[in-house]
Amino acid sequence: MGVTSVRFDCGGDVGNSISRRTFAKALSTVAAGITAGATFGSDFAWAAPLPQNAPHVNFPRGARDRLAVAAWPFRSYIESPTNSDRDPQKPGMDLKDFGAYVVKTFNVRGIEPYNLHFSSTTPAYLGRFRDTVAKAGAHAVNIAVDQEKSFYDADRATRQAAVGYAKQWIDVSVAIGSPSVRTNMAPAKNTEPNLPNAIESMKEVADYGASRNVVVHMENDNLVSEDAFFIVKVIEGVKNPYLHALPDFANSMMSGNADFAYRAIKAMFDHAYGICHVKDGDFDQNGKDYPIDLAKTFGILRDSGYRGYCSIEYSGGGDPHEPTKKLIAESVEYLE
């Protein structure tokens, strides 16, 4: 969803991008709502116990059981005051009903919600969300979280605001039973990517994730502030088992350099734990196609020993249903 070379999305869809202004407005709305309800932990009977030294998510072994469907490609269907991509010409649903929709439509039980798709972040709503998803036989595998404040901003107060926002969504993860969050590394207007600042911020976020038994992931979601090798340096600098990489199959291919892209995805899988994004390609804001070799990328996944979830995140134009079904079928074949 970029208006520059930096994308603020979970995958980018040609013709359906969110402008920075709209994105900021949506984030400010959801931030206000979440602040009113934070912190959530003490309000829920299922608050996570203090963890041991490392996360221990019991990942399923079956190929289809390892799959999830990301909410982002279905943004035109999801009703939320912070979802500017809702298409009123299409049937709508609340995000809490997305689990049932995915089970019925795709025979997949994992879902990956997106923070701007939550219609509320009050404890009461999050409790209903968790119960509704569980009743459908589904479960959240990760929450994809975007914000505009940067973890490496030159201004410490801005960095602390970014950290605080990430902590709030870690609390939401506990509330809905998600084992992890993905928080973005937004660019800063006042500095180039700053490794010491990013490490300092992410140490605090990872420590909080550890205290709540929620794994924090960072994605190679753009080629500047979220360059795969920069993300890896942050993870290696933090040295916390609750901070890991979220490898996106296609985002690094938007560099136009296939050698770089596959080296990037390997570096990300070498630091991965619980979630990756499966795509067969991506598109830039001008509609240029950046396909990837799905078999080769799944080979990198297997060689890394990765055992976490694979979230299907179709990123092309048009209706996402048939492409999602195709990616699910291909993923099952490669994972078996």
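See the structure above.
Each value, and the rule that gives it
- Residues numbered from 1 in each chain as written.
- Predicted model: local features only at pLDDT ≥ 70, side-chain atom pairs only at ≥ 80, totals over all residues.
- Heavy atoms only, no water.
- Helix = DSSP H or I, 4+ residues; strand = E, 2+ residues; numbered from the N terminus.
- Buried < 20%, exposed > 50% of the residue type's maximum accessible area, 1.4 Å probe, protein only.
- Contact = heavy atoms within 4.5 Å.
- Areas by Shrake-Rupley, 256 points an atom, 1.4 Å probe, with all protein chains shown as cover.
- Core = buried A, V, L, I, M, F, W, Y, C linked by side-chain atoms within 4.5 Å.
- Salt bridge = Lys/Arg side-chain N within 4 Å of Asp/Glu carboxyl O.
- Pairing = 2+ DSSP bridges.
- Axes fitted to C-alpha atoms, helices over the stretch in contact; angles between N-to-C directions.
- Parallel < 35°, antiparallel > 145°, perpendicular 65-115°, else oblique.
- Left-handed = near helix turned anticlockwise from the far one by under 90°.
- Polar contact = N/O pair within 3.5 Å; in protein donor to acceptor, adjacent residues only side chain to side chain.
- Nonpolar A, V, L, I, M, F, W, Y, C, P; charged D, E, K, R; others polar.

1. What about the overall build of the protein?
Along its length, the protein carries 9 helices and 11 strands. Out of the 336 residues in the protein, the part that is buried amounts to 57%. Restricting to contacts in the protein with at least 6 residues of sequence separation, those with at least 24 account for 81%. Carbon and sulfur atoms make up 50% of the accessible area of the protein, which totals about 13,200 Å².

2. Considerations on the nonpolar core
If you look at the biggest cluster of nonpolar residues, it comprises 85 residues, and the most contacted ones within it are Phe-118, Met-185 and Met-202. At 10 residues, helix α4 (residues 156-176) tops the list of elements feeding residues into this core.

3. Looking at the pattern of salt bridges
Under the criterion given, the structure shown has 16 salt bridges. Here Glu-200 and Arg-156 are joined by a salt bridge, their closest N and O atoms 3.1 Å apart. Of this pair, Glu-200 sits in helix α5 (residues 195-212) while Arg-156 sits in helix α4, and the two are 44 residues apart along the sequence. Residue Glu-200 is classed as partly exposed on the basis of its relative accessible area of 37%. Looking at Arg-156, the relative accessible area reads 47%, which means it is partly exposed. As a salt-bridge pair, Lys-266 and Asp-270 come within 2.9 Å of each other at their nearest N and O atoms. Judged by relative accessible area, which is 46%, Lys-266 ranks as partly exposed. Here the residues in one salt-bridge network are Asp-248, Lys-279, Asp-282 and Glu-313, joined through shared partners.

4. Concerning the sheet that holds strand β2 (residues 110-112)
Pairing in this open sheet of 5 strands is parallel, and the strands run β3-β2-β1-β11-β8 from one edge to the other. Two strands in the sheet have a free side with no partner beyond their single neighbour: β3 (139-140) and β8 (275-278). For strand β1 (residues 67-70) and β2, the ladder comprises 3 bridges, and the chain directions are parallel. Pairing of Ala-68 across the sheet is with Gly-110, part of β2.

5. Considering the packing of helix α8 (residues 294-304) against helix α9 (residues 321-335)
For the pair α8 and α9, the least separation of the axes is 10 Å and the interaxial angle reads 45 degrees. Overall, the two elements α8 and α9 adopt an arrangement that is oblique. Read as a crossing pair, α8 and α9 show a hand that is right-handed. When α8 is examined against α9, the residues Leu-294, Ala-295, Phe-298, Leu-301 and Arg-302 are found in contact with a partner set consisting of Leu-327, Glu-330, Ser-331, Tyr-334 and Leu-335.

6. With respect to the environment of Asp-221
Looking at the secondary structure, you find Asp-221 in the loop between β6 (215-219) and α6 (228-238). Look at Asp-221 and you get buried, because its relative accessible area is 1%. A polar side-chain atom of Asp-221 sits 2.8 Å from a polar atom in the side chain of Asn-251.

7. Some points on the sheet that holds strand β5 (residues 180-183)
Taken together, the 4 strands give an open sheet; going across it, the order is β4-β5-β6-β7, and neighbouring strands pair in parallel fashion. Both outer strands of the open sheet, β4 (143-145) and β7 (243-246), are each paired with one neighbouring strand and no more. Shown here is a sheet whose adjacent strand axes are inclined to one another by a mean of 30 degrees, direction ignored. As defined by bridge partners, β5 adjoins β6 across 3 bridges and the pair is classed as parallel. What sits directly across from Arg-182, in β6, is His-217. Sheet strands in contact with α5 are β5, β6 and β7, and its direction is about 140 degrees off that of β6.

8. Focus on the packing of α4 against α5
Between two packed helices, both the angle of their axes relative to each other and the distance between the axes serve to describe the pair. α5 packs onto α4 with a crossing angle of 25 degrees between their chain directions and a minimal axis gap of 10 Å. Overall, the two elements α4 and α5 adopt an arrangement that is roughly parallel. Pair α4 / α5 crosses with right-handed handedness. Contact residues: α4 offers Arg-156, Arg-159, Gln-160, Val-163, Ala-166, Lys-167, Ile-170, Asp-171 and Val-174, while α5 offers Asn-197, Glu-200, Ser-201, Glu-204, Val-205, Tyr-208, Gly-209 and Arg-212. Here the contact of α4 with α5 is built from residues that sort into 6 nonpolar, 4 polar and 7 charged.

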